[in-house]
Each structure stands twice: as structure tokens, then as C-alpha cells.
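Here is what each chain is made of, one letter per residue.
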Amino acid sequence: LLEAQERRAIGHEVYESWRTIGNRAISADGRWVHYTLQLENADGEMVVVSADGATEIRVPRGAQPTFTRDAAHALFTIRPAREAAAEARGNRGSAPADTLGILTLATGEITKIAGTRSWSVPAEAGGWVAYHLTPAASREGDEGDAPAHGTLVIRNLASGEETRHPSATFFRWTRGGEQLVVVDSTATGEGQSTLWSRVPGGEATTVLETPGSIRSV
């Protein structure tokens, strides 16, 4: 009876302090591990640690990490702070955009690209990332008016060189990274869509031109 009286009930505040491990993966060469730490009502973080435990890199609000197939980089999304997002919603404003993070594993250097809507790397190849900027972020990097759909950027992860496509609405890598398939809408307002593919670092090849919208590939 005494032992039962001394036990404390676990309240909701205790649950909120617990961290849940998610998004776990090992790099293809077995030298790195990434995972996320998630909290109930607070910002989480991403952790990348070497297999020997000698190096640990933590990124506040990091989420959705993935290693490139060549184990040279880890890419991830940096979420906006919960307080900033809640304040924007309270003021009926637009929620802050995500940031793309690119971690070079050999050096620990992190490149951050603000204002990203989505991003993708080939499943079975390294060296490249394609990411889609918000219209606002596109306005900062492109000349003229901001494209309604945002700008698609293809980035060489080793050199940092980029190619920009201001009217892309959809993109997808082939599994081996040989091609990036893109749906392009014209800026003329005529409702014309173009499906094209591009070899990373090479020229684009038009596959299909059609009136209306191409919704998926």
C-alpha cells in the first residue's frame, strides 16, 4: 500500500518532454547515420553522426534527411520555428517557407537555401539535387517578375553550379539519375504545357508539347 502511494502519475508535461526518434538511415558506405528527434509541442532536430562516434552534427528543426547514394552529402529540410509559424497563422499571413539544407559529410559544411517548396535527389545516384523555390524566393534570384509556380533549380552538389528553370510545375528524377523529367508551363497564359527531360549538366530534350496541363508523369 505504501509503495502504491509513493508512485507518481505521469502527467502530460512528461509526455511533452519525451523525444521520439524518427527518419533513421545509414549511408551507403556504412560510415554515417542520420536520425531526427521529435518533440510533442516543440521544435525537433536532426542528427548526423559518424559510425565511429567521432563526429556528430546537429541541426535545429532539421527534418526529412536523406543521404545521397554516393554517401557524399546529406540533404534535409529545415522547418520554420513553431512560434514563427503560429504567429503567422494568428496574423492570417503566409506560413514561413522551408529551407533546404545540404551537408557535405567530408567537411561538415552546411549550405542553406531558403524558400524551398520541395526537393529531390536521385534514388540510386549522387551528385545532384533538384529543388523548387517559392515564387517569393524565385523573385530574389531571377530577373523580371516572379514565376507563378516558382523556379526549378538543378544543382551540382560538388561544384555548386546551378541551372534555373522559371516555369516548371513538376519534376521527377529517373531512379538512376540519368534524366530529370520536367513539366513546363508557358508564361504566355495560353495554357500550353511541355514535357521535357534533361541529362544532368547537359541539354534539355522536348518529349511532348500539348495544350492544357500535364498533371503527373
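Residues numbered from 1 in each chain as written. Predicted model: local features only at pLDDT ≥ 70, side-chain atom pairs only at ≥ 80, totals over all residues. Heavy atoms only, no water.

### Side note on the overall build of the protein chain
Check the secondary structure of the protein chain and you find 4 helices and 15 strands. Considering only contacts within the protein chain whose residues lie at least 6 apart along the sequence, 34% involve residues at least 24 apart. (Helix = DSSP H or I, 4+ residues; strand = E, 2+ residues; numbered from the N terminus. Contact = heavy atoms within 4.5 Å.)

### Observations concerning the sheet that holds strand β9 (residues 128-133)
In any sheet, the strands associate via hydrogen bonds between backbone groups, in a parallel or an antiparallel arrangement. Sheet architecture is open: 7 strands sit in the order β5-β6-β7-β8-β9-β10-β11, paired in antiparallel fashion. Edge strands, defined here as strands with exactly one partner in the open sheet, are β5 (62-67) and β11 (162-165). When strand polarity is set aside, the average angle formed by the axes of neighbouring strands in this sheet is 30°. Two strands pair when backbone bridges link them, and β9 and strand β10 (residues 152-156) are joined in this way by 5 bridges, in the antiparallel orientation. (Pairing = 2+ DSSP bridges. Axes fitted to C-alpha atoms, helices over the stretch in contact; angles between N-to-C directions.)

### Some thoughts on the pattern of salt bridges
A complete count under the given rule lists 6 salt bridges for this structure. A salt bridge links Arg58 to Glu45, with the shortest nitrogen-to-oxygen separation between them at 2.7 Å. Linking Arg58 in strand β4 (residues 56-60) with Glu45 in strand β3 (residues 45-50), this pair joins segments that are 13 residues apart in sequence. For Glu45, a relative accessible area of 14% puts it in the buried group. (Salt bridge = Lys/Arg side-chain N within 4 Å of Asp/Glu carboxyl O. Buried < 20%, exposed > 50% of the residue type's maximum accessible area, 1.4 Å probe, protein only.)

### Some thoughts on the sheet that holds β4
As summarised here, the arrangement of the 4 strands in space is β1-β2-β3-β4, forming an open sheet in which the pairing is antiparallel. The open sheet terminates on both sides in strands that have one partner only, identified here as β1 (20-26) and β4. Across this sheet, the average inter-strand angle for adjacent strands is 15°, counted without regard to direction. Examined bridge by bridge, β3 and β4 share 5 bridges and lie antiparallel to one another. Considered in β4, the bridge of Val48 is made with Ile57.

### Re the layout of surface pockets
Its boundaries defined by the atoms lining it, the largest pocket holds a volume of some 270 Å³. Around the largest pocket, the lining is made up of 18 residues, and of these Ala42, Asp43, Gly44, Arg79 and Arg82 lie nearest the centre. Secondary structure elements with two or more residues in the lining of the largest pocket: β2 (32-38), β5 and α3 (82-90). Considering only residue class, the lining of the largest pocket consists of 7 nonpolar, 6 polar and 5 charged. (1 Å grid on protein atoms, 1.4 Å probe; cavity = no way out; pocket = protein on both sides within 12 Å on 5 of 7 lines; lining within 4 Å. Points joined across faces, edges and corners; volume = space filled by probe spheres on them. Nonpolar A, V, L, I, M, F, W, Y, C, P; charged D, E, K, R; others polar.)

### A look at the confidence of the model for the protein chain
On average, residues of the protein chain score 83 in pLDDT, and 77% of them reach the 70 mark or higher. Put simply, helix α2 (residues 12-17) is where the protein chain has its lowest mean pLDDT, 52, and strand β6 (residues 73-78) is where it has its highest, 98. (pLDDT = per-residue confidence, 0-100.)

### Observations regarding the pairing of β4
Because side chains alternate across β4, one face comprises the buried residues Ile57 and Val59, and the other comprises Glu56, Arg58 and Pro60, none of which is buried. In sequence, β3 turns back onto β4 through a hairpin of 5 residues, with Gly53 there showing a positive phi of about 80°.

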